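Chain residues, written in single-letter form:
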Amino acid sequence: MKNIDFLLNKLRYVTNTKTDKELCKLLDISYSTLDTWKNNDKIPQKRLYEISQKVSIPLDELIRIMNNELNSINDFIEERDIFLEKDINLFKDFGEELNIIEKKQVLVNHCKKFDIQITEIKNLRMLYLFEYLFNDVERINKVEELEEDIKKLMLKYDPRLAEDEQTTNLFYSFLEEQIKNFEDKFKK
């Protein structure tokens, strides 16, 4: 990993941004400025002051964070443990023991907050195939065609459904309603 990748990952972490575009917007810098940093494999020290002002982190703290390189596996473990304590203990603020349903809801809400997609698909092979297929279809702009093919597959593999036109139309109407409910659930 290049030094700049490590630094930008840290900077994205402390600024709570996920992409270069978000980072540029937050720091009010152009993408070409970020590209220059990448090409030079460093963030100029003089820019750290401006960054600290924009993200409300004291300059000395930001410099400490940015200069804190991981020199050993122990450093990595220590950094990881600090990260886990800070961000992964999502239940500490509730002050009481949560049941499994409440914990699941907290996790779902946290995933929504950080735009993390969740899935009920447990079969990793199937999940990989769907993601691979979707990426290809999206690239060639045939998402709607894939959606129609998947609906036909659902009809094929559900033995409860007859293959007549009336049943197919009823199923498609029902499916559209379920898809809308599913989409609405993630918009909240």
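Just above sits the structure.
Bear in mind the structure is a predicted one, so any value in this text is a computation, not a measurement. (Residues numbered from 1 in each chain as written. Predicted model: local features only at pLDDT ≥ 70, side-chain atom pairs only at ≥ 80, totals over all residues. Heavy atoms only, no water.)

(A) Main features of the side chain of Asp20. Mapped onto the secondary structure, Asp20 falls in helix α2 (residues 20-27). Separated by 2.5 Å, the side chains of Asp20 and Lys38 make a polar contact. Excluding residues that lie within four positions of it along the chain, Asp20 makes contacts with Arg12, Tyr31, Leu34 and Lys38. (Helix = DSSP H or I, 4+ residues; strand = E, 2+ residues; numbered from the N terminus. Polar contact = N/O pair within 3.5 Å; in protein donor to acceptor, adjacent residues only side chain to side chain. Contact = heavy atoms within 4.5 Å.)

(B) Summary view of the layout of surface pockets. Size it by volume and the largest pocket reaches roughly 1,800 Å³. What lines the largest pocket is a set of 31 residues, and nearest its centre among them are Gln117, Ile118, Thr119, Ile121 and Phe182. Those elements giving two or more residues to the lining of the largest pocket turn out to be α7 (100-113), α8 (124-139), α9 (143-157) and α10 (165-187). For the lining of the largest pocket, the element with the most residues is α10, which contributes seven residues. Within the lining of the largest pocket, the residues separate by chemical class into 16 nonpolar, four polar and 11 charged. (1 Å grid on protein atoms, 1.4 Å probe; cavity = no way out; pocket = protein on both sides within 12 Å on 5 of 7 lines; lining within 4 Å. Points joined across faces, edges and corners; volume = space filled by probe spheres on them. Nonpolar A, V, L, I, M, F, W, Y, C, P; charged D, E, K, R; others polar.)

(C) Region of the structure containing a nonpolar patch on the surface. A surface patch of nonpolar side chains, about 600 Å² in accessible area, is lined by Ile121, Met126, Tyr128, Leu129, Phe130 and Tyr132. Its location among the elements puts Met126 in helix α8. (Patch = residues over 30% accessible without salt bridge, like charges linked within 9 Å, V, L, I, M, F, W, Y side chains within 5 Å. Areas by Shrake-Rupley, 256 points an atom, 1.4 Å probe, with all protein chains shown as cover. Salt bridge = Lys/Arg side-chain N within 4 Å of Asp/Glu carboxyl O.)

(D) Representation of the pattern of salt bridges within the structure. Tallied over the full model, the rule gives seven salt bridges. Across the salt bridge formed by Arg139 and Asp136, the nearest N and O atoms sit 3.2 Å from each other. Placement of the pair is Arg139 and Asp136 together in helix α8, with a separation of three residues, close to one helical turn. Residue class for Arg139 comes out exposed when judged on its relative accessible area of 61%. Connected via shared salt-bridge partners are Glu147, Glu148, Lys151 and Glu176. (Buried < 20%, exposed > 50% of the residue type's maximum accessible area, 1.4 Å probe, protein only.)

(E) How the structure looks around helix α3 (residues 31-40). Among the residues of α3, those classed as buried are Thr33, Leu34 and Trp37. For α3, the arc enclosing every buried residue in end-on projection is 100°, short of the 170-degree limit, so these residues lie on one face. (Arc of directions from axis to C-beta.)

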